[in-house]
Amino acid sequence: FTGVNPVDITPIPDRYFPPFSNDTLSVDRRANATFVILARNSDIDGTVRSIREIEDRFNRRFRYPYVLLNEEPFSDEFKKRVSVLSAAKMEFGTIPKEHWYQPSSIDEGKAEAGRNSMVEQGIIYGGSVSYRNMCRFNSGFFFRHPLMEKYRWYWRIEPDVHFHCDIKFDPFIFMEENNKIYAFTIAMYEFEKTIPTLWGHVKDFIKLHPQYLAKDNAMGFLSETGGDTYNLCHFWSNFEIADMSFWRGEAYTKFFEYLDQQGGFYYERWGDAPVHSIAAALFAPSNQIQFFDQIGYEHNPYTHCPRDENTWKDEKCTCDPKRNFDYDGYSCMSKWDRLL
Ligand code: GDP
Ligand code: MN
């Protein structure tokens with residue numbers, strides 16, 4: 001006796017769950033794309049919930065594969081609980097040590113002093129080395145992981161995020177067909193104390209390599225002063241759909257190497273969000289960056305809820321339009337709008 005009463009259930013066959021529509025581009029055409037999720041074994045419950053939501057809202061129709069990454073091997077329990085959630089291929093990878101841990105070139109005394117000072121100032125994750133490892137990995141290494149190399153496009157997902165609306169189009173195909181390299185749903189201000197010297201290094205890099213600055217770039221999103229000072233606006237990178245050939249290309253490779261040499265991922269607490277955002281905004285024309293109003297998305301404490309009322313209704317959104325972050329005082333959407 002197992003304590004479970006057998007119940008005679010006849011499952012409804014799969015054919016009663018048809019694709020969203022026959023005209024989705026994705027049915028017979030898919031991009032060379034994957035989801036990527038960085039997580040710890042302890043993130044299991046949140047990871048399961050996020051995958052379940054993206055499957056329900058999007059991926060059960062599209063079956064894009066998943067790559068899950070961790071600096072420690074994923075536990076059998078983690079792999080087991082995640083694997084049941086999708087019919088798509090799921091791969092679990094361990095991150096090479098040299099892509100994750102603080103490099104020996106960093107002066108640990110100076111790094112520790114930086115951490116202590118941030119703790120005193122009450123800066124979130126100010127004392128955390130692992131958070132810094134994570135930010136540097138997301139800035140310069142995830143797209144070089146062996147499991148990621150075969151893909152061009154990725155959609156970044158985190159544990160415990162929410163997808164509030166049906167997504168009945170293929171964002172990867174949209175981006176491929178419209179020559180986009182980076183997509184976001186939420187834009188906001190960075191905490192200045194995490195990146196006090198970042199913009200100075202960005203300006204030095206541009207002086208060294210002016211050829212990387214794109215014509216018609218999105219400097220107007222980043223600066224009120226034509227590039228002299230940084231207004232702290234960035235795309236919130238816990239949601240990203242982007243083209244890894246941009247990160248793997250010459251401009252970003254040189255940019256990341258240059259920033260990494262300055263040590264600011266450890267001496268300060270540079271986030272992958274400002275690093276990615278500054279590069280996308282400066283080294284690509286602004287019309288290659290896409291804002292997806294259609295994708296209802298939440299990462300605590302902020303939500304992007306579609307502004308378009310037909311989208312909100314037709315895609316059965318669960319978000320409250322009144323809670324849409326786009327024109328919150330802390331949002332940078334108005335800086336994005338002025339480029340349009
Ligand atoms: P926040 O969104 O800035 O508050 O940072 P999170 O704690 O959500 O971390 C961002 C992402 O990195 C999430 O996908 C986490 O699961 C992941 N992450 C953060 N720290 C670590 C770590 O030390 N190891 C691993 N493997 N993943 C981490
Ligand atoms: Mn997060």
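Fair warning: this is a prediction, and the values are worked out from it, not measured in the lab. (Residues numbered from 1 in each chain as written. Chains lettered and ligands numbered in written order. Predicted model: local features only at pLDDT ≥ 70, side-chain atom pairs only at ≥ 80, totals over all residues. Heavy atoms only, no water.)

1. Some points on the site of ligand 1
The local shell around ligand 1 holds 14 residues, among which Leu38, Asp43, Glu71, Tyr125 and Tyr131 are the closest. Ala39 places a main-chain nitrogen or oxygen 3.0 Å from a nitrogen atom of ligand 1. The separation between a nitrogen atom of ligand 1 and a polar side-chain atom of Arg40 is 3.2 Å. The fraction of the free accessible surface of ligand 1 (570 Å²) that becomes covered by protein chains is 85%. Looking at the shell around ligand 1, its residues break down into seven nonpolar, three polar and four charged. (Near = heavy atom within 4 Å. Polar contact = N/O pair within 3.5 Å; in protein donor to acceptor, adjacent residues only side chain to side chain. Areas by Shrake-Rupley, 256 points an atom, 1.4 Å probe, with all protein chains shown as cover. Nonpolar A, V, L, I, M, F, W, Y, C, P; charged D, E, K, R; others polar.)

2. Description of the nonpolar core
Core analysis: the biggest nonpolar cluster contains 63 residues, and Trp247 and Phe255 have the highest contact counts within it. Sorting elements by how many residues they give to this core places helix 11 (residues 272-283) first, with seven residues. Here Trp247 is in contact with Phe142, Phe143, Tyr154, Tyr182, Glu240, Ala242, Tyr252, Thr253, His276 and Ala279, once residues within four sequence places are set aside. (Core = buried A, V, L, I, M, F, W, Y, C linked by side-chain atoms within 4.5 Å. Buried < 20%, exposed > 50% of the residue type's maximum accessible area, 1.4 Å probe, protein only. Helix = DSSP H or I, 4+ residues; strand = E, 2+ residues; numbered from the N terminus. Contact = heavy atoms within 4.5 Å.)

3. Remarks on the pattern of salt bridges
Tallied over the entire structure, the rule returns 21 salt bridges. The closest approach of N and O atoms between Asp43 and Arg40, which form a salt bridge, is 3.0 Å. What makes Asp43 buried here is its relative accessible area of 17%. For the salt bridge of Glu108 with Arg115, the shortest nitrogen-to-oxygen distance reads 2.8 Å. With relative accessibility at 35%, the residue Glu108 sits in the partly exposed group. (Salt bridge = Lys/Arg side-chain N within 4 Å of Asp/Glu carboxyl O.)

4. Overview of the sheet that holds strand 6 (residues 182-184)
Strand order in the open sheet formed by seven strands is 3-2-1-4-9-6-10, with mixed pairing between adjacent strands. Of all the strands in the sheet, just strand 3 (90-94) and strand 10 (289-291) have a single pairing partner and so form its edges. Strand after strand, the sheet turns through a mean of 20 degrees between neighbouring axes, direction not considered. Note: strand 1 (residues 33-38) against strand 4 (residues 153-157), five bridges, orientation parallel. (Pairing = 2+ DSSP bridges. Axes fitted to C-alpha atoms, helices over the stretch in contact; angles between N-to-C directions.)

5. As for helix 4 (residues 129-140)
With 12 residues, helix 4 should reach 16 Å at 1.5 Å per residue; the first-to-last C-alpha distance of 17 Å fits that figure. A large share of helix 4 lies buried, amounting to nine of its 12 residues. Among all positions in helix 4, only Arg132, Asn133, Met134, Cys135, Arg136, Phe137, Asn138, Ser139 and Gly140 are buried. (Expected span 1.5 Å × (residues − 1).)

6. Some points on helix 11
Relative to the 16 Å expected for 12 residues at 1.5 Å per residue, helix 11 spans 16 Å between its end C-alpha atoms, a close match to the ideal helical length. Counted residue by residue, helix 11 has 12 buried out of 12 residues, so it is predominantly covered. Among the residues of helix 11, those classed as buried are Asp272, Ala273, Pro274, Val275, His276, Ser277, Ile278, Ala279, Ala280, Ala281, Leu282 and Phe283.

7. As for the coordination of the manganese ion (ligand 2)
Coordination of the manganese ion (ligand 2) by the protein is provided by Glu158 (OE) and His299 (NE2), with metal-donor distances spanning 2.0 to 2.2 Å. In this pair, Glu158 is assigned in the loop between strand 4 and strand 5 (162-163) and His299 in strand 11 (residues 297-299), connecting sequence segments 141 residues apart. (Donors = N, O, S within 2.8 Å, 3.2 Å for Na, K, Ca; no water.)

8. So, the sheet that holds strand 5
Pairing is antiparallel in the open sheet, where three strands are placed in the order 5-11-12. At either margin of the open sheet sits one strand with a lone partner, and together these are strand 5 and strand 12 (302-304). Alignment of strand 11 against strand 12, held across three bridges, turns out to be antiparallel. The residue bridging His299 from the neighbouring strand is Tyr302, located in strand 12.

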